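Single-letter residue listing:
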Amino acid sequence: MKSFYKKFSERFIEGLLMLSSSITTLTVILIVVFLFKEGLGVFEQKPVENGYIIAVNKANPLNEISSAQIKNIYDQKITHWNEIGGKPDSVFLFRMEDISNFYSEDQIGSNFENLPACLSRVIDSIPNIIAFFPEKYLAKDFKGKQLEVEKITFSQFFTGKEWFPTAQPAAQLGVLPLILGTLWVSLGAILLALPLGLAAAVYMSEIADDRIRRVMKPLIELLAGIPSVVYGFFGLVIIVPLIQKTFDLPVGETGLAGSIILGIMALPTIITISEDAMRNTPRAMKEASLALGASKWQTIYKVVVPYSISGISAGAILGIGRAIGETMAVLMVTGNAAVIPHTILAPVRTIPATIAAELGETSNGGLHYKALFALGCILFLITLFINLSVEYISNRKKHNQH
Amino acid sequence: MIDIKENKLARSKQRKQAIAFAIFRVLSYSIVAILFIILTFIIMKGVKVINWNFITQMPEEGMTKGGIYPAIIGTLCLVAGSMIFAFPIGVLAAIYMNEYVKDGIAKKIIKQMTNNLAGIPSIVFGLFGMSLFVNKLHFGDSILAGSLTLGLLALPVVIRTTEEALKAVDNTFRQASLGLGATKWQTTRRVVLPISFPNIITGLILAIGRVSGETAPILFTVAAYFLPKLPTSIFDQAMALPYHLYVISTSGTNIEESRPIAYGTAMVLIIIVLIANLLANGLRKYFGNKVKMN
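Residues numbered from 1 in each chain as written. Chains lettered and ligands numbered in written order. Predicted model: local features only at pLDDT ≥ 70, side-chain atom pairs only at ≥ 80, totals over all residues. Heavy atoms only, no water.

A. Main features of the overall build of chain B. Along chain B, the regular secondary structure elements total ten helices and two strands. In sequence order, the secondary structure elements of chain B are arranged as α-α-β-β-α-α-α-α-α-α-α-α. Since a compact globule built from 294 residues should have a radius of gyration of about 19 Å, the 25 Å found for chain B marks it as more spread out than a globular shape. Counting over 294 residues, chain B shows a buried share of 49%. (Helix = DSSP H or I, 4+ residues; strand = E, 2+ residues; numbered from the N terminus. Rg over C-alpha atoms; globule rule 2.2 N^0.38 Å. Buried < 20%, exposed > 50% of the residue type's maximum accessible area, 1.4 Å probe, protein only.)

B. Layout of helix H10 (residues 255-279) of chain A. Here H10(A) contains 25 residues, and its C-alpha end-to-end distance of 35 Å stays within 8% of the 36 Å for a straight helix at 1.5 Å per residue. With 20 of 25 residues buried, H10(A) is to be regarded as a mostly interior element. (Expected span 1.5 Å × (residues − 1).)

C. Representation of the domain arrangement of chain B in the model. Residue and element names in this part refer to chain B. Looking at the assigned domains, one finds that chain B contains domain 1 (1-47) and domain 2 (52-293). Summarising the inter-unit geometry, the C-alpha centres of domain 1 and domain 2 are found 37 Å apart. Counting residues at the interface gives seven residues for domain 1 and five residues for domain 2. Interface of domain 1 and domain 2: buried area, both sides summed, is about 620 Å²; carbon and sulfur atoms make up 90% of it. In this structure, the connection of domain 1 to domain 2 is made through zero salt bridges. On inspection of domain 1 and its partner domain 2, the count reaches zero residue pairs in polar contact (both at pLDDT 80 or more). Of the residues belonging to the side of domain 1 that touches domain 2, the class tally is five nonpolar, one polar and one charged. (Domains from an automatic or database assignment. Contact = heavy atoms within 4.5 Å. Buried area = accessible area lost by both parts, 1.4 Å probe. Salt bridge = Lys/Arg side-chain N within 4 Å of Asp/Glu carboxyl O. Polar contact = N/O pair within 3.5 Å; in protein donor to acceptor, adjacent residues only side chain to side chain. Nonpolar A, V, L, I, M, F, W, Y, C, P; charged D, E, K, R; others polar.)

D. Structural detail: the interface of chain A and chain B. Taken together, the 78 residues of chain A in the interface contact 76 residues of chain B. Regarding the contact of chain A and chain B, the summed buried area is about 6900 Å², with carbon and sulfur atoms giving 78% of it. Among the residues of chain A in contact with chain B, Leu17(A), Phe233(A) and Trp297(A) are the three that bury the most area, contributing 10% of the side total. Here chain A and chain B share one salt bridge between them. Residue Arg284(B) pairs with Glu221(A) through a salt bridge whose shortest N-O separation is 3.9 Å. Among the residues making up the side of chain A that touches chain B, the classes are represented as 54 nonpolar, 16 polar and eight charged.

E. Region of interest: the sheet that holds strand S4 (residues 129-134) of chain A. Residues and elements named next belong to chain A. As summarised here, the arrangement of the four strands in space is S3-S4-S1-S5, forming an open sheet in which the pairing is mixed. Pairing within the sheet leaves two strands with one partner each, and these edge strands are strand S3 (92-94) and strand S5 (145-146). In the packing of helix H5 (residues 115-125) onto the sheet, the strands contacted are strand S1 (52-56), S3 and S4, and the crossing angle to S4 comes to about 165°. (Pairing = 2+ DSSP bridges. Axes fitted to C-alpha atoms, helices over the stretch in contact; angles between N-to-C directions.)

F. Looking closely at the pairing of S4(A). All names here are of chain A. Summarising burial for S4: six of the six residues are buried, a large majority. The pairing of S1 with S4 spans five bridges and is antiparallel. By the bridge assignment for S4, Ala55 is matched with Ala131. Sheet analysis places S3 next to S4, joined by three bridges and oriented parallel. Its bridge partner lying in S4, Phe94 is registered against Ala131.

G. Quick peek at unusual backbone geometry. Despite not being glycine, Asp248(A) has its phi angle at roughly 55°, a positive value. With respect to the secondary-structure elements, Asp248(A) resides in the loop between helix H9 (228-247) and H10. Judged by its relative accessible area of 68%, Asp248(A) is exposed. One non-glycine residue, His138(B), lies in positive phi territory at about 60°.

H. Seen up close, the packing of aromatic side chains. Residues and elements named next belong to chain A. One pass over the full model with this rule turns up 22 aromatic pairs over all chains. The interplanar angle of 55° and the centroid separation of 5.0 Å between the aromatic rings of Trp297 and Tyr301 together place this pair among those described as tilted. Placement of both Trp297 and Tyr301 in helix H12 (residues 296-307) is noted, with a separation of four residues, approximately one turn of the helix. For Trp297, a relative accessible area of 18% translates into the label buried. Overall, the relative accessible area of 37% leaves Tyr301 in the partly exposed class. (Phe/Tyr/Trp six-rings, centres within 6.5 Å; stacked < 30°, edge-to-face > 60°.)

Below, the structure is given as structure tokens:
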């Protein structure tokens, strides 16, 4: 009987342990499910605000219109219907407030009770009109034609150059500037951090004596432990004004400031991983090189670095990953302008910063909300790719050793 | 003739090495210098603000005066909440990985997933926490939702450090215990865990350091801009130190006036991280020596 209980409790505990260890897997799966369920919703929703319609005259051959076309019409970049497949007439843009040019307040009625009929008549009388108005003012016997607004397609989302998720009348959801901004800032960060980090890794693993190493190691760990919001704050009060003064800019919040801060933040990752890799170089290899008359320095760059190159690249890739996913520091120092970057001295906006800055203003389940989740999906996929490639690199290393 | 040539070669070799080493030393020290610049700058500015009142009083006059008491309490709640969740699960998961499961596909998957979870950016945790805990499970913006989100983020940290700690336990201990007829769990609980305990605690401390400074995951799950009172239940919103630093240094109309408060808050955060790191290193060193002596 006693042994039965013993066996049972052993089994029970093992089950409990197994359950605990499955939590991480479960979390990753849940993250994927929730992120993609919300994120993919972007492609199923029309990019116009709910309850609004876009209408044209019945004679207009157009049936569908994309959100980019709507925006260009409103910005008067498209002035003729033939530019988007209609007749060669000019576009007559009708905004709600323009109704007063056609009807007096008395005709519309004090409670806008005649407004639907008035709108219908205006749209019917002008063949080249396009109008945007709330659905509640749609007349029952509407004489115009409602335009179908195209859903945002995959390629529009990824190649669109404009990110105005709250624009009226149609939201512009092009993530290209955000993706490029993220890569731009991260690339700058890694260019700054890689030489510095590799130098420190070589120094700590091969050159410095044990005493110095024992001091430096915890300091590097401390560098990794400083919260990102403190880095952001430091960047905001020191680096941003410095950049503004040095380059004589109107604002110091630039991609460069983001790169510098991210570079510092990526250092510990690069140093720790590449130092580990270098320390794993077999002693026999180093000693063989030294015995052949090579100097210590020659041994480092001819033996140690080539031997540990996969570890070094893993460190560099993880450093980039850290930079790409970093939110707060970037949000505080890069100025957050959603434009495609052309110089490191202009404000840029990254994907994580966009999510952090805008999610608070969105309505739960709206298009903007879903678009930010789609950004989260992109971020998730990038980091997943980075993790898998690091895994691949270190596995390849193991195979070579056998 | 040959001798001189070789000498020359050797000398140029030496010179190259000296130059290279000097460059590497300077670059390495410059990293340490960066760290010290950040630390001294924030501590020098912060030390003027920090006093007993600063950490025990409510914010006043649009957060330009007064203290940061509610933010400290909020962060304490979040740290405690996330650790109550992440620490036991993380330790149990690590025990399973290190003591129970055999090398194979299952272990590989768990390991890979833990790595993946560790690599996910903190803002994605924020998105996930918001959609699952806040919206789907209707916890609302609350300490519960924030703690769970932070706990998931800290889970890989706890698992990894615990695994390291368990791996460091010599196999002879396990064999001796099993040889005496103890079961696997008895061996784990009575032999492996006590030996590795200090190192597991080191992991806990590092996880606390990490969680107390995270901002992105709490943005949409718990953090409040300003609350005039302290949270009374786990379903309340709370202020938190990192979020407090973020808002008073970037938004609001009186950024300049609240700068001193920002310096003070940054210093409190730095001190938390410093203490966590010192404590972890101290423990590691102290018990590292002790285990060796045995």
